[in-house]
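# A closer look at the structure
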Amino acid sequence: MSKKILVVLAGVTVLCGAGAVAAREHEHKLPPGPIADRHELMEGIGKNAKVIGDAMKTGKYDPVAGAAEKIQAASGKITGLFPPGSTHENSRAKPEIWTHWPEFEADAKELQTTSAALAAAAHAGAGIPEAAEKMFGSCKSCHDQFRVPKK
């Protein structure tokens, strides 16, 4: 596995672990409805991303296909959980989501596409690290543009 892939995976694993802690801290502070629902959805994506990241580190790819399929299914629900005006002080969603909606939609679709490609690679038993790197790149791109960094 290339050094670049390991660096990306290490960063994603840290982000996922930190996200889970932050999720528990903010969970009770989010209003019910789409804001809490999308937080829960993203937390699930993060847990599955962690499964994939751990598999990449160990080279034991058995859980990758299932986790990638769960991410693919969840990513199809992302945009529906960001209706206009669904903001809250405890949400890390940037206002750019709504002012740059086509880009946000494209990022969500990209995650759906790259997670499907990772699942296919895992089922085929070939190209898994490269497909994982692309999927994690999709996550990072969206987070960089549309999520407020942790304080």
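Bear in mind the structure is a predicted one, so any value in this text is a computation, not a measurement.

## Overview of the packing of aromatic side chains
Taken as a whole, this structure holds 4 aromatic pairs when the rule is applied. Measuring from centroid to centroid gives 5.4 Å for Trp101 and Phe104, while their planes differ by 40°, and the two rings are tilted. Here Trp101 and its partner Phe104 are both found in helix 5 (residues 101-124), 3 residues apart, which amounts to about one turn of the helix. A ring pair is formed by Phe104 and Phe146, whose centres lie 5.3 Å apart and whose planes are at 85°; its orientation type is edge-to-face. Highlighted residues: Phe104 in helix 5 and Phe146 in helix 6 (residues 128-146), separated in sequence by 42 residues. Residue classification places Phe104 among the buried positions, given a relative accessible area of 3%. Classification of Phe146 by relative accessible area gives buried; the value is 4%. An aromatic cluster of at least three residues, connected via ring pairs, comprises Phe82, Trp98, Trp101, Phe104 and Phe146.

## Side note on the side chain of Ser138
Counting through the fold element by element, Ser138 comes out in helix 6. Of the polar contacts made by the side chain of Ser138, one reaches the side chain of Thr114; its length is 3.1 Å.

## A closer look at the environment of Ala121
With respect to the element layout, Ala121 can be found in helix 5. According to the relative accessible area criterion, Ala121 is buried, its value standing at 9%. C-alpha of Ala121 to C-alpha of Ala65: the two residues are 56 residues apart in sequence and 7.9 Å apart in space. In this structure, Ala121 is in contact with Ala126, Gly127, Ile128 and Ala131, ignoring residues within four places of it in sequence.

## Notes on the side chain of Ser115
Tracing the sequence through the fold places Ser115 in helix 5. A distance of 3.1 Å separates a polar side-chain atom of Ser115 from the backbone oxygen of Gln112. When neighbours within four sequence positions are excluded, Ser115 is seen to be in contact with Ala68, Ile71, Gln72, Ser75 and Met135.

## Overview of helix 5
Between its first and last C-alpha atoms helix 5 spans 35 Å; for 24 residues at 1.5 Å apiece the expected length is 34 Å, and the two agree. For helix 5, the set of buried residues is Phe104, Asp107, Ala108, Leu111, Thr114, Ser115, Leu118, Ala119, Ala121 and Ala122. As for helix 5, its buried residues are in contact with helix 2 (34-58), helix 3 (64-75), helix 4 (96-99) and helix 6. Directly after helix 5, the chain includes Gly125, whose backbone phi takes a positive value near 75°.

## Here we look at the nonpolar core
Core analysis: the biggest nonpolar cluster contains 32 residues, and Ile52, Val64, Ile78 and Leu118 have the highest contact counts within it. Those elements giving two or more residues to this core turn out to be helix 2, helix 3, helix 5 and helix 6. Top element by residues in this core is helix 6. It accounts for 8 residues. Contact partners of Leu118, with chain neighbours within four places excluded, come to Ile52, Val64, Ala68, Ile128, Ala131, Ala132 and Met135.

Reading the values: the criteria
Residues numbered from 1 in each chain as written. Predicted model: local features only at pLDDT ≥ 70, side-chain atom pairs only at ≥ 80, totals over all residues. Heavy atoms only, no water. Phe/Tyr/Trp six-rings, centres within 6.5 Å; stacked < 30°, edge-to-face > 60°. Helix = DSSP H or I, 4+ residues; strand = E, 2+ residues; numbered from the N terminus. Buried < 20%, exposed > 50% of the residue type's maximum accessible area, 1.4 Å probe, protein only. Polar contact = N/O pair within 3.5 Å; in protein donor to acceptor, adjacent residues only side chain to side chain. Contact = heavy atoms within 4.5 Å. Expected span 1.5 Å × (residues − 1). Core = buried A, V, L, I, M, F, W, Y, C linked by side-chain atoms within 4.5 Å.

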